[in-house]
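# A closer look at the structure
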Amino acid sequence: MAHHIAVIAGDGIGPEVVAQGLRVMHAAAGRFGFELDVTEYPYGTEHWIATEEILPDDSFAEIQQADAILLGAIGDPRAPVGLIERGIIGRLRWDLDLYVNLRPIKLLDERFCPLKGKGPAEIDMVIVRENTEDAYVQKPIFENLGTPSEVASQPMSYTRKGTERIIRYAFDLAMVRPRKHLTLIDKANAVRAQDLYTRVFAEVAEDYPEVDTAHLYVDAACMRMIESPESIDTAVTTNLFGDIVTDLGAMLQGGMGVAASANLHPGKLGLFESVHGSFPQAAGKNIANPLATINACVMMLNYLGESEAAQTAETAIAELLQGGRIRSLEVGEHATDEIGDLVIEQMAATTLA
Ligand code: IPM
Ligand code: MG
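Worth saying up front: this structure is predicted, and the values here are computed from it rather than measured. (Residues numbered from 1 in each chain as written. Chains lettered and ligands numbered in written order. Predicted model: local features only at pLDDT ≥ 70, side-chain atom pairs only at ≥ 80, totals over all residues. Heavy atoms only, no water.)

## Here we look at the site of ligand 1
If you check the shell around ligand 1, you find Glu85, Ile89, Arg93, Arg103, Arg129, Tyr136 and Asp243 and nothing else. The separation between an oxygen atom of ligand 1 and a polar side-chain atom of Arg93 is 2.7 Å. With respect to ligand 1, the side chain of Arg103 contributes an N or O atom lying 2.8 Å from an oxygen atom. If ligand 1 stood free it would expose 320 Å²; the protein chains cover 73% of that surface. With 3 residues, the top contributor of residues to the shell around ligand 1 is helix 4 (residues 83-95). The class makeup of the residues in the shell around ligand 1 is 2 nonpolar, no polar and 5 charged. Residues from two domains meet in the shell around ligand 1; each of domain 1 (1-99 + 265-353) and domain 2 (102-129 + 156-255) gives at least three. (Near = heavy atom within 4 Å. Polar contact = N/O pair within 3.5 Å; in protein donor to acceptor, adjacent residues only side chain to side chain. Areas by Shrake-Rupley, 256 points an atom, 1.4 Å probe, with all protein chains shown as cover. Helix = DSSP H or I, 4+ residues; strand = E, 2+ residues; numbered from the N terminus. Nonpolar A, V, L, I, M, F, W, Y, C, P; charged D, E, K, R; others polar. Domains from an automatic or database assignment.)

Below is the structure:
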């Protein structure tokens, strides 16, 4: 049976990095004997400029029939800020109720980390970002627009249901990670609405006596991620804070060139994407690092049940980074398609123990 993948390559470097991700997926399919049925959709800023369409309902319905979605990147200065991002990424996350945004932060080699004296033993965490609530899904209100008495607001609001399900997911994940340690990241001392997170976390913790817990306000969490990243293993946080701390986390593992994410709702369709944006300045130059998208594809392979393929790709990538064939993760150090070639070549040479 073929896995049906819906692909939205999107803006900027999206198409280039997605092309490499798909090459790796096809190589894995050939090697491990599964089929891929890929449908590419043209949505993104270019398409919006040409047609005024963002994500039409009939395509959205069709995409929901896929087994997984692969997204490149969205964002282009030619469109109003946030219009296409909210219309595509936002709509997929919110309308499909993909309440988990899973963002692993795993350093594979010390030389990719900007922190002194920290290596793979210290940087291995997973941030569980809530993905369907918070200011993200609220309407902005501009009262007295453009006047001296203007007031702009967009509430940070959280439901008990939304809070509880993400916290439960995080506890379940912490249980299957070796350290069984979960940190709640919020800012309940200032945003008192987040007291809901603090309370629900304490309630759910009672069902998981084996999990060690910690609580950090988001400012302190940023400090800790730099000062003692080893103190964080699994962490759960709100949508907006999750967005912020995962960019910081991406830098710890080598930058935006490698950070990947999965948007999930257990038992439903999953969406896989890099954490980085569309990087329009690099578009079409074959200089962007596709590893973030390739890593997202690895997460997708796991989700599709192709765990041997996923593990082989993961091992190959680790060997390339640790062995120095991928010298640097900086833009322009390797060509985009060269990284794709290297991963495919190394996969062919990798057999699992
Ligand atoms: C991310 C991105 C998005 C977000 C943007 C593009 C809307 O930064 O996936 O982290 O804020 O969620
Ligand atoms: Mg972000």
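## Topic: the domain arrangement of the protein chain
Segmentation of the protein chain into domains returns domain 1 (1-99 + 265-353) and domain 2 (102-129 + 156-255). Between the C-alpha centres of domain 1 and domain 2 there is a distance of 24 Å. Facing the 15 residues of domain 1 at the interface are 15 residues of domain 2. Surface buried jointly by domain 1 and domain 2 totals about 1,300 Å² across both partners, of which 56% is contributed by carbon and sulfur atoms. Broken down residue by residue, the surface that domain 1 buries against domain 2 is led by Tyr99, Val275 and Leu329, which jointly contribute 42%. Counting every contact that joins domain 1 to domain 2 gives 1 salt bridge. One salt bridge connects Arg165 with Asp97, and the closest N-O pair in it is separated by 2.7 Å. Summed over the shared surface of domain 1 and domain 2, the number is 4 residue pairs in polar contact (both at pLDDT 80 or more). In terms of residues, the side of domain 1 that touches domain 2 owes the most to one element, helix 10 (residues 307-323), which gives 3 residues. Within the side of domain 1 that touches domain 2, the residues separate by chemical class into 8 nonpolar, 4 polar and 3 charged. (Contact = heavy atoms within 4.5 Å. Buried area = accessible area lost by both parts, 1.4 Å probe. Salt bridge = Lys/Arg side-chain N within 4 Å of Asp/Glu carboxyl O.)

## Some points on the sheet that holds strand 12 (residues 270-274)
The strand order across the open sheet built from 10 strands is 2-1-3-12-11-4-5-10-8-9, with neighbouring strands paired in mixed fashion. The strands lining the two open edges of the sheet, one partner per strand, are strand 2 (35-41) and strand 9 (212-217). Strand-to-strand, the axes of this sheet are offset by a mean angle of 20°, without reference to chain direction. For strand 1 (residues 2-10) and strand 3 (residues 68-73), the ladder comprises 5 bridges, and the chain directions are parallel. In the sheet register, Gly10 faces strand 3, and the bridge partner there is Ala73. Against the sheet, helix 8 (residues 239-252) contacts strand 4 (100-106), strand 5 (124-130), strand 8 (181-186) and strand 10 (234-237), and its axis sits at roughly 155° relative to strand 5. (Pairing = 2+ DSSP bridges. Axes fitted to C-alpha atoms, helices over the stretch in contact; angles between N-to-C directions.)

## A closer look at the pairing of strand 8
In terms of burial, strand 8 is largely enclosed, as 6 of its 6 residues are buried. Residues His181, Thr183 and Ile185 point to one face of strand 8 and Leu182, Leu184 and Asp186 to the other, with burial holding for every one of them. Running through helix 6 (residues 195-205), the crossover from strand 8 to the neighbouring parallel element strand 9 is right-handed. Two strands pair when backbone bridges link them, and strand 8 and strand 10 are joined in this way by 4 bridges, in the parallel orientation. Directly across from Leu182, in strand 10, lies its bridge partner Thr234. (Buried < 20%, exposed > 50% of the residue type's maximum accessible area, 1.4 Å probe, protein only. Right-handed = clockwise from strand over helix to strand, strands pointing away.)

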